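Residue-level listing of the chains:
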Amino acid sequence: MGNPLDRLGPLPQALTARAARAAAPPAATRQRLGPATGVGVRVLDAFCTLREGQRLGLFAASGIGKSTLLATLARAAAFDTVVLGLIGERGRELREFIEDDLGPEGLARSVVVCATSDAPAATRREAGYAALAIAEYFRDAGQRVLLLLDSVTRFALACREIGLAAGEPPATRGYPPSVFRELPALLERAGPGGPGAGSITALLTVLVEGDDHDEPIADAVRGILDGHVVLDRRIAESGRYPAVDVLRSLSRSVPGCLTPDQARLARRARQVLALRDEVADLVRLGAYRAGADTAVDEALRLAPRVEALLHQARGEVSTLEEAFAGLAVAINDAPA
């Protein structure tokens, strides 16, 4: 609503007003995705590499570390400006997120838009559009913008509440048709700008109820975005952070931004993890004997080294080059 959250006085009057709702740049004049960009998280850089202007979804149930991961991205990623939209989140977490997770360094280049869970549905919906409008302002100024939206699901719930109150019929699991019109209207605005403009690289969280990744909002958002990252509760409970399920996550822009050597490393590591998971039950039951299959033996030997690379302490930051260098060390004795 334009009211500063930091209580440091009103915004400068010289700022240019712009509509919160706007159309996405025309598809035929949009720039292509930019080069690969590191986000400071090894598992994302190595297995879901982002390009400037890409839109990536973070899919997870509650309590698995979505917000902590967003804070790491806001603090570490090399972008000119970070726009953070907190929609329907807990009010008590705002100051903790800004002061502890973002910190003065992250906040210095960030704009935070917040509508807590107790705000009216219209306010929660408007927060999503306001965050996009702010990101577009910096994008049109030629900047590289990182947009973090937490969460798209709560934006959709606000839209559902408004639609049902207006008399729309509940169609898909209680969601009226207008919700599925609002989602692309919001998400398509992120991405590369037109000629001479910058880009909006977006990471958007999707809260999956009961770990159901095929529920309507998750399914619709996955079809709109350029890739998805799945956070798994089982991995989180095992103590690995970030709890990214590599085999269920993908970035659709990877083929256009990795070198042949980087693509080979990522593909080989995925094969190792997939084969390890395939025989995991046999190993636990003692039904697999070492030497029965050389490929399985190799996967069982290399998988722990890949897993060790994926673990990253909170606050630790890496680069894109370091992620692939670590991956090469983890599987350097594996055949090509």
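Up top is the structure these notes are about.
Everything numeric in this text was worked out from a predicted model, so none of it was measured. (Residues numbered from 1 in each chain as written. Predicted model: local features only at pLDDT ≥ 70, side-chain atom pairs only at ≥ 80, totals over all residues. Heavy atoms only, no water.)

**Observations regarding the overall build of the protein**
Here is step 1 of the chain: Within the protein one finds twelve helices and ten strands.
Here is step 2 of the chain: Expected size for 336 residues packed as a compact globule is a radius of gyration near 20 Å; at 21 Å, the protein falls within 12% of this value.
Here is step 3 of the chain: If you line up the protein on its principal axes, its C-alpha atoms span 70 × 45 × 40 Å.
Here is step 4 of the chain: Within the span of the protein, comprising 336 residues, buried residues form 51% of the whole.
Here is step 5 of the chain: Partitioning the contacts of the protein with sequence separation of at least 6, the portion at a separation of at least 24 is 76%.
Here is step 6 of the chain: When the accessible surface of the protein is summed, it comes to about 15600 Å², and 54% of that surface belongs to carbon and sulfur atoms.
Here is step 7 of the chain: A distance of 2 Å separates the average location of the 39 positive side-chain charges in the protein from that of its 42 negative side-chain charges. (Helix = DSSP H or I, 4+ residues; strand = E, 2+ residues; numbered from the N terminus. Rg over C-alpha atoms; globule rule 2.2 N^0.38 Å. Buried < 20%, exposed > 50% of the residue type's maximum accessible area, 1.4 Å probe, protein only. Contact = heavy atoms within 4.5 Å. Areas by Shrake-Rupley, 256 points an atom, 1.4 Å probe, with all protein chains shown as cover. Lys, Arg positive; Asp, Glu negative; His and termini not counted. Charge placed at Lys NZ, Arg CZ, Asp CG, Glu CD.)

**Overview of the pattern of salt bridges**
Here is step 1 of the chain: If you walk through the whole model with that rule in mind, you get 22 salt bridges.
Here is step 2 of the chain: The partner of Glu 316 in a salt bridge is Arg 42, and the shortest N-O contact between them spans 2.9 Å. Residue Glu 316 is located in the loop between helix 11 (294-310) and helix 12 (320-330), and its partner Arg 42 is located in helix 1 (residues 42-47); the two are separated by 274 residues in the primary sequence.
Here is step 3 of the chain: Of the residues examined, Glu 316 reaches a relative accessible area of 31% and is grouped as partly exposed. (Salt bridge = Lys/Arg side-chain N within 4 Å of Asp/Glu carboxyl O.)

**Comments concerning helix 11**
Here is step 1 of the chain: In this model helix 11 runs 24 Å from its N-terminal to its C-terminal C-alpha over 17 residues, within 8% of the 24 Å that 1.5 Å per residue would give.
Here is step 2 of the chain: Approximately 30° is the largest bend angle found in helix 11, and it occurs at Leu 302, with the proline Pro 304 only one to four residues beyond.
Here is step 3 of the chain: Considered for burial, the residues of helix 11 that qualify are Val 296, Glu 298, Ala 299, Leu 302, Ala 303, Val 306, Leu 309 and Leu 310.
Here is step 4 of the chain: Its side-chain oxygen placed 2.9 Å from the backbone nitrogen of Ala 295, Asp 293 serves as the N-cap of helix 11. (Expected span 1.5 Å × (residues − 1). Bend = angle between axes of the 7 residues up to and from the residue. Polar contact = N/O pair within 3.5 Å; in protein donor to acceptor, adjacent residues only side chain to side chain.)

**Overview of the side chain of Glu 52**
Here is step 1 of the chain: Here Glu 52 shows up in the loop between strand 2 (50-51) and strand 3 (55-60).
Here is step 2 of the chain: For Glu 52, a relative accessible area of 16% puts it in the buried group.
Here is step 3 of the chain: Among all residues touching Glu 52, those that are not within four sequence positions of it are Leu 33, Gly 34, Pro 35, Thr 37, Arg 144, Ser 199 and Thr 201.

**A closer look at the packing of helix 6 (residues 177-187) against helix 7 (residues 216-224)**
Here is step 1 of the chain: Running from N to C, helix 6 and helix 7 point in directions that differ by 35°, and their axes come no closer than 10 Å. Judged by the sense of rotation from one axis to the other, the crossing of helix 6 with helix 7 is right-handed. Between helix 6 and helix 7, the contacting residues are Val 179, Phe 180, Leu 183, Pro 184 and Leu 187 on the first element and Pro 216, Ile 217, Ala 220, Val 221 and Ile 224 on the second.
Here is step 2 of the chain: Of the residues contributing to the contact of helix 6 with helix 7, the split by class is ten nonpolar, no polar and no charged. (Axes fitted to C-alpha atoms, helices over the stretch in contact; angles between N-to-C directions. Left-handed = near helix turned anticlockwise from the far one by under 90°. Nonpolar A, V, L, I, M, F, W, Y, C, P; charged D, E, K, R; others polar.)

**Side note on a nonpolar patch on the surface**
Here is step 1 of the chain: Among the surface-exposed residues, Leu 11, Leu 15 and Tyr 137 lie close enough to one another that they form a single nonpolar patch of about 270 Å² accessible area.
Here is step 2 of the chain: Considering the arrangement of structural elements, one finds Tyr 137 in helix 4 (residues 121-140).
Here is step 3 of the chain: When its relative accessible area of 34% is taken as the criterion, Tyr 137 is described as partly exposed. (Patch = residues over 30% accessible without salt bridge, like charges linked within 9 Å, V, L, I, M, F, W, Y side chains within 5 Å.)

**Brief notes about the pairing of strand 6 (residues 144-150)**
Here is step 1 of the chain: For strand 6, the tally of buried residues reaches six of seven residues, placing the bulk of the element in the interior.
Here is step 2 of the chain: Pairing geometry for strand 4 (residues 81-89) and strand 6, over six bridges, is parallel. Within the sheet, the bridge partner assigned to Leu 84 lies in strand 6 and is Leu 148.
Here is step 3 of the chain: In terms of strand pairing, strand 6 meets strand 8 (residues 199-207) through six bridges, oriented parallel. The residue of strand 8 that forms the bridge with Leu 148 is Leu 203. (Pairing = 2+ DSSP bridges.)

**Description of the packing of aromatic side chains**
Here is step 1 of the chain: Taken as a whole and assessed by the stated rule, the structure comprises three aromatic pairs.
Here is step 2 of the chain: Taking the centre distance of 5.5 Å and the plane angle of 75° together, the rings of Tyr 129 and Phe 155 count as edge-to-face. Linking Tyr 129 in helix 4 with Phe 155 in helix 5 (residues 152-165), this pair joins segments that are 26 residues apart in sequence.
Here is step 3 of the chain: A residue is classified by how much of its surface remains accessible, and Tyr 129, at 2% relative accessible area, is buried.
Here is step 4 of the chain: Ring centres of Tyr 175 and Phe 180 lie 6.2 Å apart, and the angle between their planes is 70°; on these two criteria the pair is classed as edge-to-face.
Here is step 5 of the chain: The class for Tyr 175 is buried, based on a relative accessible area of 4%.
Here is step 6 of the chain: The residue whose ring lies beneath Arg 160 is Tyr 175, and the NZ or CZ to ring-centre distance is 4.5 Å.
Here is step 7 of the chain: For Arg 222, the ring lying beneath its charged end belongs to Phe 59, and the centroid distance is 5.6 Å. (Phe/Tyr/Trp six-rings, centres within 6.5 Å; stacked < 30°, edge-to-face > 60°. Lys NZ or Arg CZ within 6 Å of the ring centre and 35° of its normal.)

**So, the environment of Leu 164**
Here is step 1 of the chain: Summarising the element assignment, Leu 164 is placed in helix 5.
Here is step 2 of the chain: As a C-alpha pair, Leu 164 and Ala 23 span 141 residues in sequence and 25 Å in three-dimensional space.
Here is step 3 of the chain: With residues near it in sequence (within four places) discarded, Leu 164 still touches Pro 170, Gly 174 and Pro 176.

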